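# Topology and contacts: notes
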Amino acid sequence: MITSTLSPAEIQNSLRRNGYLDIDVDPTLDLAAEIEKLKKEKNAVILAHYYQESEIQDVADFIGDSLGLAQRAAATDASMIVFAGVHFMAETAKMLNPHKKVVLPDLKAGCSLADSCPPHLFRKFKEKYPDHVVVSYINCTAELKTLTDICCTSSNAEVIINSVPADKGIIFAPDKNLGMFLQKKTGRDLILWNGACMVHEIFSHEKITKLKLRHPEAKFIAHPECEPHILEMADFIGSTTQLLKFTQSDPAESFIVATESGILHQMQLASPHKTFIPAPPNNACACNDCPHMKRNTMEKLYLSMKYELPEIILEDWVIEQGRKCIDRMLEISAAAGIKMG
Ligand code: 13P
Ligand code: SF4
């Protein structure tokens, strides 16, 4: 444990070791109320992904999918952005706001998909296709974004692929499942990087089939990061925001949901009378909880706001070069009328 009386160097050492501020928090504190106070005091905004634990979602100023969060980060006039999500999301917010402080409650909240595409290997891969346009899913490191022409998220990926002239080849990284889904949707022949999300690759075809038989009235909805044989069974495929909206507008009363379980909180709040069943993974663990997203806790969120640490720091060249593909994505999305969601 460290205490707040430690020197800045000791605090930095602890951050390097743990990824977060390891300071005891008084268990009697009303953390939600303290976080509200800190927001006002520091003119801070909390941006949270749907995969965060429900208590964090409840104190957030904006809850969204990766596109919505990037759009909000680009538009905010807050002095400090507190990112309740994973590292690549906070990096994106920093690239869009190089002069603002961006904090992430736990720097070790990473992403298996982003990790599956190390920039030094991707650089070599890209050299084999010198005339191709690189489209990268936003779930990648800031450095990978410096090697990317246009970024995309699961909300706008089809529009982004279709924005590339038909005579141009495309490399798509890092998610092969989203890539295969896009090949089907757009008819484009994409060169795919062989990466995947550990959470969306875990769903069991057999168990979902049995669950569908037990709940014939339920619609099966899935995120495009799932494997093709899971997507084939789906009544609807979409980003987290699109899945949430579908459950609100569709007349079905129950849904089997194949994505990270955090989204069920907003689905249930939006449609209290409907039933939401998390799609089962292929073993007995809680694998449809993203272990990276769930590293953030209310205590870590509170400490990150109080001490304004851990902060996302990026080198200037990474911000300058990596930002271009995000700006391009936001321009194309705005031109296509994809609203902030
Ligand atoms: P979206 O936020 O685009 O739905 O993607 C889900 C995801 O895996 C984020 O890490
Ligand atoms: Fe990465 Fe998958 Fe977790 Fe999203 S759910 S942060 S893609 S590991």
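This text goes with the structure placed above it.
Report on the accompanying structure. Treat the numbers as computed from the prediction; the structure is a model and nothing was measured.

About the cut-offs
- Residues numbered from 1 in each chain as written.
- Chains lettered and ligands numbered in written order.
- Predicted model: local features only at pLDDT ≥ 70, side-chain atom pairs only at ≥ 80, totals over all residues.
- Heavy atoms only, no water.
- Pairing = 2+ DSSP bridges.
- Helix = DSSP H or I, 4+ residues; strand = E, 2+ residues; numbered from the N terminus.
- Contact = heavy atoms within 4.5 Å.
- Axes fitted to C-alpha atoms, helices over the stretch in contact; angles between N-to-C directions.
- Polar contact = N/O pair within 3.5 Å; in protein donor to acceptor, adjacent residues only side chain to side chain.

## Side note on the sheet that holds strand 10 (residues 236–237)
Spatially, four strands are ordered 10-9-11-12 in an open sheet, and the strand pairing comes out parallel. Pairing within the sheet leaves two strands with one partner each, and these edge strands are strand 10 and strand 12 (275–278). Judged from the two bridges that link them, strand 9 (residues 219–222) and strand 10 form a sheet pairing that is parallel. Counterpart to Ile-221 in the pairing with strand 10 is Phe-236. The sheet contacts of helix 13 (residues 240–249) involve strand 9, strand 10, strand 11 (254–258) and strand 12, and relative to strand 9 the element is tilted by about 160°.

## Thoughts on the side chain of Ser-333
Structurally, Ser-333 can be placed in helix 16 (residues 316–335). A polar side-chain atom of Ser-333 sits 2.8 Å from the main-chain carbonyl oxygen of Met-329. With residues near it in sequence (within four places) discarded, Ser-333 still touches Leu-67, Asn-156 and Ile-338.

## A few points about the sheet that holds strand 8 (residues 190–192)
The parallel open sheet is built from four strands, whose spatial order is 6-5-7-8. Lying at the two open borders of the sheet, with one neighbouring strand each, are strand 6 (150–152) and strand 8. Neighbour-to-neighbour, the strand axes of this sheet turn through a mean angle of 30°, independent of strand direction. Pairing geometry for strand 5 (residues 133–137) and strand 6, over three bridges, is parallel. From the neighbouring strand, Val-135 faces strand 6, where its bridge partner is Ile-150. Strands in contact with helix 10 (residues 176–186) are strand 5, strand 7 (170–173) and strand 8; relative to strand 8, the strand with the most contacts, it is inclined by about 165°.

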